[in-house]
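Secondary and tertiary structure notes
In case you want the letters, here they are:
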Amino acid sequence: MLTWFAEANPIIQATLAGIFTWGCTAVGSAIVFLFNDVNRKLLDIMNGFAAGIMIAASFWSLLAPSIDYAKAGGYGNWSFVPAVVGFLFGGGFLRIIDAVVPNMDFASKEGVEGPKTSLSPTTLLFLAITIHNFPEGLSVGVAFGAGGMGLSSATLQSALILALGIGIQNLPEGSALSMPIRSGGSSKGHAFNLGQASALVEIVGATLGAWLVTQVTIILPYALSFAAGAMIFVCVEELIPESQTNGNNDLATLALLCGFALMMALDVGLG
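The shown structure was predicted, so the numbers you read here are calculated from the model rather than taken from an experiment.

**Some thoughts on the overall build of the protein**
Secondary structure summary: the protein contains 10 helices and 2 strands in total. For the protein, the N- to C-terminal ordering of α and β elements is α-α-α-α-β-β-α-α-α-α-α-α. Over its C-alpha trace the protein gives a radius of gyration of 18 Å, about what one expects of a compact globule, namely 18 Å for 271 residues. Seen through its C-alpha atoms, the protein measures out along the principal axes to roughly 55 × 40 × 35 Å. Across the 271 residues in the protein, those meeting the buried criterion constitute 49%. Carbon together with sulfur atoms contributes 70% to the accessible area of the protein, which is approximately 11800 Å² in total. Counting 8 positive and 16 negative side-chain charges, the protein places the averaged centre of each group 8 Å from the other.

In structure tokens form, the structure reads like this:
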């Protein structure tokens, strides 16, 4: 099975990895069947840990390979350009989406961003997490696509580690959606379905990302850094503020450091 996966087309690998990360969200959402409430301190720790994983993955799994590919492609001293351009476009793209699609804003006092809407808080929360899940899937797909290009810093192992890191951070994300929906009066089944459905876009993003970089190789360094910028945006916009607003600041920050250190160790040691 492992041999088959290693020899499979990068698009197939990315799609399966996207299914894995969606599955992790589903597992996190399934907590709603076991508990009526989630421990706030534990959730803040898990959000901080997830942010650390994503920040580390953004550099070692995405930005570093972007720069290496640009160097190999003849950019010379300008090999930082694709990384800078893609990174800024990635964050900017999500900011635009946040501005045009009404969704929950974890950092603002109003709690909502985008156009004025009569949508329920549950729907806004679902939209916020769904929007921010897409770049996670995209980053996984781009990583697997890059792994098929033979780069020294973009290997199948590093793509697998990135998918694992995204999967780990999806566990608290699933419960962070399903539990509030349940608390709002919805049935456990409905809360679970919305929680897991928010990550279905990760499968689409993973497949699309791998297909793009394998079909149009010239965009690879830009695609890698685009995914990194989008992931950093998610961390700063969602995960970190959510972990820091409930009185568990120090624990969440320490968890972030641990998540960063773990992802760095995995990516450097095994990637």
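**Let's talk about the UniProt feature "transmembrane region" (unreviewed entry) in the protein**
UniProt records the feature "transmembrane region" (unreviewed entry) for residues 12-35, 42-63, 75-97, 191-213, 219-239 and 251-270 in the present numbering. Between the C-alpha atoms that bound residues 12-35 there is a distance of 36 Å. The span itself is 75% helix and 0% strand.

**Re the side chain of Asn 133**
Tracing the sequence through the fold places Asn 133 in helix 5 (residues 121-147). Assessed through its relative accessible area of 0%, Asn 133 is described here as buried. With sequence-adjacent residues up to four places away left out, Asn 133 is seen in contact with Asn 170, Glu 173, Ser 198, Ala 199, Val 201 and Glu 202.

**As for the confidence of the model for the protein**
Scored by pLDDT, the protein comes out at a mean of 84, with 91% of its residues at no less than 70. When mean pLDDT is taken per element in the protein, helix 2 (residues 10-29) scores highest with 94 and strand 1 (residues 103-104) scores lowest with 61.

**Observations concerning the nonpolar core**
Across soluble globular proteins, you tend to see nonpolar side chains buried next to one another. Within the largest apolar cluster, 41 residues are counted, with the highest numbers of intra-cluster contacts made by Met 54, Leu 62, Val 142, Phe 144, Leu 162 and Met 231. Looking at this core, the elements with two or more residues in it are helix 2, helix 3 (40-72), helix 4 (80-100), helix 5, helix 6 (156-183), helix 8 (200-215), helix 9 (220-243) and helix 10 (249-270). Take this core: its biggest share by element is 11 residues, from helix 9. Leave out the neighbours within four places in its chain, and Phe 144 touches Phe 5, Pro 10, Gln 13, Ala 14, Ala 17, Leu 156, Ala 159, Leu 160 and Ala 163. Formed by 8 residues, the second largest nonpolar core is a distinct cluster that contains Leu 125, Phe 126, Met 179 and Ala 191.

**Some details on the side chain of Glu 136**
Along the polypeptide, Glu 136 turns up in helix 5. Leaving out residues up to four positions away in the same chain, Glu 136 has contacts with Met 54, Ile 166, Gln 169, Asn 170, Glu 173, Glu 202 and Val 234.

Parameters and conventions
- Residues numbered from 1 in each chain as written.
- Predicted model: local features only at pLDDT ≥ 70, side-chain atom pairs only at ≥ 80, totals over all residues.
- Heavy atoms only, no water.
- Helix = DSSP H or I, 4+ residues; strand = E, 2+ residues; numbered from the N terminus.
- Rg over C-alpha atoms; globule rule 2.2 N^0.38 Å.
- Buried < 20%, exposed > 50% of the residue type's maximum accessible area, 1.4 Å probe, protein only.
- Areas by Shrake-Rupley, 256 points an atom, 1.4 Å probe, with all protein chains shown as cover.
- Lys, Arg positive; Asp, Glu negative; His and termini not counted.
- Charge placed at Lys NZ, Arg CZ, Asp CG, Glu CD.
- UniProt positions renumbered as here; feature names shortened; annotations may be inferred.
- Contact = heavy atoms within 4.5 Å.
- pLDDT = per-residue confidence, 0-100.
- Core = buried A, V, L, I, M, F, W, Y, C linked by side-chain atoms within 4.5 Å.

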